[in-house]
Amino acid sequence: MTPSPRYRLAHLSDVHFGKIAHPEVVEALVEEVNAAETDLVVVSGDLTQRARTHQFKAAKAMLDAFESPTLVVPGNHDVRAWWHNPIERVFQSSSRFARFITDDLTPTFTRPGLAVFGLNSAHGLTIKGGKIRPRHLEAMQDFFGAQPAGTFRVLVLHHHLLRLQALGDHDIARGAKHALRAAGASGVDLILCGHLHTSHVEHAEIVPPSEADPAGHSLVIASAGTATSSRGRGQDREVNFYNWITVEAERFIIEERRFEREEHAFAEARTTAFHRADG
Ligand SMILES: [Fe+2]
Ligand SMILES: [Fe+2]
């Protein structure tokens, strides 16, 4: 079994340049992430508000300010709106994201005992709910299939694959059922997503134990709030959140950090530890 050193990931989502809550929130975020020992900064989509050039440039400047590697997937707001360019929206939905952020639409990150895969769920033919393409799922399965046993597996995408009761009636991506089954078969331990602008962490049983599969499969879903925008929803209205994820040999810990305006800094809001099934 591969030894598992300690890793730390920062998980941000829905930064929405074009709707930044206060300039200081971006500054505080970058400063804090850089001050910590971060192995990877994950951004689960919606970098911009309207996929405009200046918004992508501002998002790229933030990504470049991080000292650690970044893994970024697009969100539905990173695709051009119908009224701007319907042809581009349908046939080249990721073209602006690819031009300004990265042209790698199935990004990966590996370290001994850790494997992270980014899945693109933002496509032009879906308005905002997202869609998973079979060829991207195949790439995911090939990637995780090549990792040694005992590797902690993280899947990053913008949209949700499972309806979580705690979040009310919300979008899930088209093809979610199939994607969740593939994630389970690939041994995914943790899904990092966003889109709903509400910070929530939940342990979910995706394959119930059966005679054929006595262990079944469960994983943890971390749905990040909006890290920097004024678009927080529900209980997180006007509030900014992001996650710290610490992966240890036998457990992993998710710390939800909330921006405290009076302090001009993020602070711990909730911390949840999970036992690793293979730890
Ligand atoms: Fe968003
Ligand atoms: Fe979104």
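Criteria and cut-off values
- Residues numbered from 1 in each chain as written.
- Chains lettered and ligands numbered in written order.
- Predicted model: local features only at pLDDT ≥ 70, side-chain atom pairs only at ≥ 80, totals over all residues.
- Pairing = 2+ DSSP bridges.
- Helix = DSSP H or I, 4+ residues; strand = E, 2+ residues; numbered from the N terminus.
- Axes fitted to C-alpha atoms, helices over the stretch in contact; angles between N-to-C directions.
- Expected span 1.5 Å × (residues − 1).
- Buried ≥ 20, exposed ≤ 12 C-beta atoms within 10 Å, placed from the backbone.
- Arc of directions from axis to C-beta.
- Contact = placed C-beta atoms within 7 Å.
- Core = buried A, V, L, I, M, F, W, Y, C linked by C-beta atoms within 7 Å.

Visitor: Help me understand the sheet that holds strand E12 (residues 265-275) in this model?
Guide: Each strand in a sheet pairs with another by means of backbone hydrogen bonds, the pair being arranged parallel or else antiparallel. Taking strand neighbours across the sheet as the criterion, the six strands line up as E3-E2-E1-E10-E11-E12 in an open arrangement whose pairing is mixed. Looking at strand neighbours, the two that pair on one side only are strand E3 (70-73) and E12, the edges of this open sheet. Put simply, the sheet's adjacent strands are angled 20 degrees from each other on average, direction ignored. Of the pairings in the sheet, the one linking strand E10 (residues 241-247) to strand E11 (residues 251-260) comprises seven bridges and is antiparallel in character.

Visitor: Would you mind showing me how to read helix H1 (residues 23-35) here?
Guide: For the α-helix, the turn length of 3.6 residues means that residues three or four positions removed from each other point alike. Taking 1.5 Å per residue, 13 residues should reach 18 Å; H1 reaches 19 Å between its end C-alpha atoms and fits that length. The set of residues buried in H1 consists of Val25, Val26, Leu29 and Val33. With its buried residues spanning 100 degrees around the axis, H1 presents them on a single face. In H1, the exposed residues that point more than 90 degrees away from the buried face are Pro23 and Ala35. If you follow the buried residues of H1, they end up packed against strand E1 (7-12), strand E2 (40-44), helix H2 (53-65), E10, E11 and E12.

Visitor: Any chance you could explain the pairing of strand E4 (residues 108-111) here in plain terms?
Guide: Residues in a regular strand project their side chains so that they alternate between the two faces of the sheet. Where E4 and strand E5 (residues 114-118) come together, four bridges link them in antiparallel fashion. Paired with Phe109 across the bridge in E5 is Val116.

Visitor: Honestly, the environment of Gln235 in this entry has me stumped. Any pointers?
Guide: Structurally, Gln235 can be placed in the loop between strand E9 (217-223) and E10. Through-space distance from the C-alpha of Gln235 to that of Thr198 is 7.2 Å; in sequence the pair is 37 residues apart.

Visitor: Explanation requested: the nonpolar core in the structure shown.
Guide: For soluble globular proteins, the rule of thumb is that nonpolar side chains tend to be buried together. Core analysis: the biggest nonpolar cluster contains 66 residues, and Val42, Val116, Leu155, Val156 and Ile191 have the highest contact counts within it. Setting aside residues no more than four positions away along its own chain, Leu155 makes contact with Phe117, Leu119, Met140, Ala183, Val188 and Ile191.

Visitor: Looking at this structure, I do not really get the sheet that holds strand E6 (residues 152-156). What am I missing?
Guide: Reading across the sheet, the six strands line up as E4-E5-E6-E7-E9-E8 and stay open at both edges, with mixed pairing between neighbours. Of all the strands in the sheet, the pair left with one neighbour each is E4 and strand E8 (200-207). The sheet shows a mean angle of 20 degrees between the axes of neighbouring strands, taken without regard to direction. Looking at chain direction, E6 and strand E7 (residues 190-193) are connected through three bridges and run parallel. What sits directly across from Val154, in E7, is Leu190. Helix H6 (residues 176-185) contacts E6, E7, E8 and E9 of the sheet and is inclined by roughly 85 degrees relative to E8.

Visitor: Quick question: what am I supposed to make of helix H5 (residues 134-145) here?
Guide: The terminal C-alpha atoms of H5, which comprises 12 residues, lie 16 Å apart, in line with the 16 Å expected from a rise of 1.5 Å per residue. By the burial criterion, the buried members of H5 are His136, Met140 and Phe144. Projected down its long axis, H5 carries its buried residues within an arc of 70 degrees, all on one side. In H5, the exposed positions angled more than 90 degrees off the buried face are occupied by Pro134, Arg135, Glu138, Asp142 and Gly145. Those residues of H5 hidden inside the fold are in contact with E5, E6 and H6.

Visitor: What's the story with unusual backbone geometry in this structure? I'm lost.
Guide: The phi torsion of most residues other than glycine is negative, and most of the peptide bonds are trans. Positioned with a positive phi, Ala51 is a non-glycine residue whose angle comes to about 55 degrees. Mapped onto the elements of the fold, Ala51 is located in the loop between E2 and H2. The backbone of Glu238 sits at a positive phi, close to 65 degrees, despite the residue not being glycine. Within the element layout of this structure, Glu238 appears in the loop between E9 and E10. Among the residues examined, Glu238 registers 12 C-beta atoms within 10 Å and is labelled exposed.

Visitor: Looking at this structure, I do not really get the environment of Gly232. What am I missing?
Guide: The residue Gly232 is located in the loop between E9 and E10 in this model. Look at Gly232 and you get buried, because 20 C-beta atoms sit within 10 Å. Along the primary structure Gly232 and Pro208 are separated by 24 residues, whereas in three dimensions their C-alpha atoms are 33 Å apart. Leaving out residues up to four positions away in the same chain, Gly232 has contacts with His197, Gly225, Thr226, Arg237, Glu238, Val239 and Asn240.

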